[in-house]
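Listed here are the chains, written in short residue letters.
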Amino acid sequence: MEQDYEKILVPVDGSKEAEMAFHKAVKVAQMNKGHLDVLTVLDTKQFIGLHGGMLNGDVIYQLSEDAQKYLNELKDEAVKEGFDEKKIDIHVRFGEPKTVIAQEFVEEYKNDLIMIGSTGMNAVTRLLVGSVSEYVTRNARTDVIIVRTDVDNKKITNKKK
């Protein structure tokens, strides 16, 4: 059975794994002549305790602006790689990354594939809150590909060159 994916979601968080997933998703979307949604989810719960437990409007605005800038940079990279600018949208959401990615966003935008990096957190964080990619794999309402290799199918390493 051949599967054509028309609406691909790739969540990114600034990690090397997420960016590898992004570049691979660009290639898959190109091969399928599909649309790419690039999403970052800002989890404001991680900032509880700072500023007396409240995030003021300036901090939230700056977080949103930084995320928007990052996503625009990724979009520009995709366009430089030959991806049609009209077939890529960027999105910044606030909320719990696990549920936004696995359920809410996919339901709203009707994505038929999620391509996600294997992990974007360190081992301690994964132990405490659980892996987003693990949750997405178990709970997504669509197909999920966990990206573990780069666009040339070489294993992703954390070693600096």
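Right above here is the structure, for reference.
Fair warning: this is a prediction, and the values are worked out from it, not measured in the lab.

Undergrad: Help me understand the overall build of the chain, please; the structure alone is not making it clear to me.
TA: What the chain contains, in helices and strands, is 5 helices and 6 strands. Here the chain holds 161 residues, and 40% of them are scored as buried. In the chain, the proportion of contacts linking residues at least 24 apart, taken out of those at least 6 apart, comes to 75%. Carbon and sulfur atoms make up 50% of the accessible area of the chain, which amounts to about 9,700 Å² in all.

Undergrad: Sorry if this is basic, but what is going on with the sheet that holds strand S5 (residues 113-117) here?
TA: In any sheet, the strands associate via hydrogen bonds between backbone groups, in a parallel or an antiparallel arrangement. Judged by pairing direction, the sheet is parallel, and its 5 strands sit side by side in the order S4-S2-S1-S5-S6 without closing on themselves. Both outer strands of the open sheet, strand S4 (88-94) and strand S6 (143-147), are each paired with one neighbouring strand and no more. On average, adjacent strands in this sheet sit at an angle of 25 degrees to one another, irrespective of strand direction. The pairing of strand S1 (residues 7-11) with strand S2 (residues 35-42) spans 5 bridges and is classified as parallel. Residue pairing in the sheet places Lys7 in a bridge with His35 of S2. Contacts from helix H1 (residues 16-32) reach S1, S2, S4, S5 and S6 within the one sheet, and its direction differs from that of S5 by about 145 degrees. Running at roughly 145 degrees to S2, helix H3 (residues 97-109) makes contact with S1, S2, S4 and S5 of the sheet.

Undergrad: Even after reading the chapter, I still don't get the side chain of Asn111, so can you show me in this structure?
TA: Inspection of the secondary structure puts Asn111 in the loop between H3 and S5. The buried category is assigned to Asn111, whose relative accessible area is 5%. In terms of polar contacts, Asn111 uses its side chain to reach the side chain of Asp37, at 3.0 Å.

Undergrad: Mind showing me how you'd approach the pattern of salt bridges here?
TA: In a structure, side chains of opposite charge can pair up when their charged atoms sit close to one another. With the rule as written, the count across this model stands at 3 salt bridges. One salt bridge in this structure joins Arg93 and Glu108, with 3.1 Å as the shortest N-O distance. Of this pair, Arg93 sits in strand S4 while Glu108 is found in helix H3, placing the two residues 15 residues apart along the sequence. For the salt bridge of Arg138 with Glu134, the shortest nitrogen-to-oxygen distance reads 3.5 Å. In this pair, Arg138 and Glu134 are both assigned in helix H5 (residues 132-139), 4 residues apart and thus about one turn of the helix distant. Among the residues examined, Arg138 registers a relative accessible area of 56% and is labelled exposed. Among the residues examined, Glu134 registers a relative accessible area of 46% and is labelled partly exposed.

Undergrad: Whenever I open this one, the pairing of S1 confuses me. Can you help?
TA: For S1, the buried fraction is high: 4 of the 5 residues fall into the buried class. You can see the chain leave S1, run along H1 and come back into S2, and the turn it takes is right-handed. Pairing analysis gives 2 bridges linking S1 to S5, with the strands arranged parallel. Each bridged residue has a counterpart across the sheet, and for Leu9 the counterpart in S5 is Ile114.

What counts as what
- Residues numbered from 1 in each chain as written.
- Predicted model: local features only at pLDDT ≥ 70, side-chain atom pairs only at ≥ 80, totals over all residues.
- Heavy atoms only, no water.
- Helix = DSSP H or I, 4+ residues; strand = E, 2+ residues; numbered from the N terminus.
- Buried < 20%, exposed > 50% of the residue type's maximum accessible area, 1.4 Å probe, protein only.
- Contact = heavy atoms within 4.5 Å.
- Areas by Shrake-Rupley, 256 points an atom, 1.4 Å probe, with all protein chains shown as cover.
- Pairing = 2+ DSSP bridges.
- Axes fitted to C-alpha atoms, helices over the stretch in contact; angles between N-to-C directions.
- Polar contact = N/O pair within 3.5 Å; in protein donor to acceptor, adjacent residues only side chain to side chain.
- Salt bridge = Lys/Arg side-chain N within 4 Å of Asp/Glu carboxyl O.
- Right-handed = clockwise from strand over helix to strand, strands pointing away.

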